[in-house]
Amino acid sequence: MTSLAERDGLRRMPWEFVLVAMIWLYIFPYSNSLNNPNERTRMLQTRALVQFGQLHIGEAIRNRQGNVQIFDLYGNRHGGVFVNDISITCNDPKQKPPGCAGKIYPAKGPGIPLLGVPALSFARWIGFVPDGIKYESRATWVVRYGGVAFLMLLALFVFSLLLREGGIPRPLRARLVLATGLGTSIFPYSISFVGHAMAGGVILIGLFLLNRGRARGGWTGFLLAVLGGHVVAWSELMEYHAVAAIFVVSLWVVLSRDRWRMIPGYAVGAGSTMALFMFLHNSMFGHPLKTGHFSLMSAHNRALQTTGFLGIKGFYWKAIFFNLFDPYMGLLFLMPW
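What comes next is a walk through the structure. (Residues numbered from 1 in each chain as written. Predicted model: local features only at pLDDT ≥ 70, side-chain atom pairs only at ≥ 80, totals over all residues. Heavy atoms only, no water.)

Another point: the side chain of Glu236. Structurally, Glu236 is set in helix α9 (residues 218-238). Despite its burial, Glu236 pairs with no opposite charge, the nearest such side chain being Arg42 at 11 Å. Ignoring sequence-local partners within four residues, the contact set of Glu236 consists of Ala242, Val243, Ile246 and Phe277. (Helix = DSSP H or I, 4+ residues; strand = E, 2+ residues; numbered from the N terminus. Buried < 20%, exposed > 50% of the residue type's maximum accessible area, 1.4 Å probe, protein only. Lys, Arg positive; Asp, Glu negative; His and termini not counted. Salt bridge = Lys/Arg side-chain N within 4 Å of Asp/Glu carboxyl O. Contact = heavy atoms within 4.5 Å.)

Within the largest apolar cluster, 64 residues are counted, with the highest numbers of intra-cluster contacts made by Trp24, Ile104, Met152, Met198 and Met238. In contact with Met152, other than residues within four places in its own chain, are Trp24, Ile186, Ser190, Ala197, Met198 and Gly201. (Core = buried A, V, L, I, M, F, W, Y, C linked by side-chain atoms within 4.5 Å.)

This part is about the environment of Phe17. With respect to the helices, strands and loops of the structure, Phe17 is situated in helix α2 (residues 15-27). Distance in space between the C-alpha atoms of Phe17 and Leu156 is 7.9 Å, their sequence separation being 139 residues. The contacts of Phe17, once residues within four sequence positions are left out, are Leu153, Leu156, Phe157, Ser160 and Val177.

Before going further, it helps to examine empty space enclosed by the protein. Left-over empty space is what a probe sized like a water molecule reveals as it rolls over the atoms. What the rule picks out here adds up to 1 cavity of 30 Å³ or more. What the largest cavity holds in volume is close to 40 Å³. Taken together, Arg47, Val50, Gln51, Leu120, Arg124, Val129, Pro130 and Asp131 make up the full set of residues lining the largest cavity. Among the elements that take part in the lining of the largest cavity, helix α3 (residues 37-52) stands out by supplying 3 residues, more than any other. (1 Å grid on protein atoms, 1.4 Å probe; cavity = no way out; pocket = protein on both sides within 12 Å on 5 of 7 lines; lining within 4 Å. Points joined across faces, edges and corners; volume = space filled by probe spheres on them.)

This model, assessed by the stated rule, comprises 6 aromatic pairs. Plain terms: the ring middles of Phe17 and Phe157 are 5.6 Å apart, the flat faces sit at 65 degrees to each other, and that makes the pair edge-to-face. A residue pair is termed long-range when its members are at least 10 positions apart, and Phe17 in helix α2 and Phe157 in helix α5 (residues 136-165) qualify at 140 residues. A residue is classified by how much of its surface remains accessible, and Phe157, at 39% relative accessible area, is partly exposed. Between the aromatic rings of Phe122 and Trp125, the centroid separation amounts to 6.1 Å while the plane-to-plane angle is 40 degrees, which identifies the pairing as tilted. Note that Phe122 and Trp125 are positioned in helix α4 (residues 111-125) at a spacing of 3 residues, about one turn of the helix. (Phe/Tyr/Trp six-rings, centres within 6.5 Å; stacked < 30°, edge-to-face > 60°.)

Dropping the structure here:
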């Protein structure tokens, strides 16, 4: 017979996180032929950072005959782009992409590649992921589960803590964690090395830190607010359209009853991430506020993204509408609200 105390202890065990983690680890396949280019560009940038200490994942070089030849991270030559979702920064600013010589970068913020650096560095140090294209799939698994999946599980845990603070009982919280982790687009995106779900995950973690900072006050509260602002702003390094959610969080901080307790720390933390954002984008794209969407290489990406997705190259009412409602890239379809 199981005692009442034992049954109560079983109900309190975080079994839902164990179940989500097991299914995330077991069910998701990997295939070179099916590999998401959005994921591969980020994985290549992580390998570039770990192996060479550089941000670019390839280079377009003009030969003696005046023709541009494209080389990937492994030194292989290609007749055209070797993966989608990449951009080029021309060596000569007077030339126009994509037909110029220059360095090739992912057309994404570098937040996710940076997230994978510790795990891949360790795997490379112990010899589990040697250099070279032969071990690319192994590198992908390492950055998936040593980066995004691990932090998304933490985000789910924080989600449960926020629900507890809102008075949601334990059995319902467990069901909500399962429904979110396995029944929304968080499932595929939490075990892919991309930023779609992770951007929302770090915002949740940042909100939790801000809440704790508001409750504690003093220097501890200030430091928690700094950390919370830094983490919330990191979502912009992961997905550019997270700026909409950052705006909402910032508005909440400014209008909060305890705003004078939160604003200084939040501003310092978010400002430090903004400085990092500007430094990295200036290094990659030649301007602190310029993205790779200005210089996309593949025709597919240029057709869908260069002329106004979220107003990438300017302010467009049409872009704002599509940012919300477009079935291809709209937030209401893409993000697990």
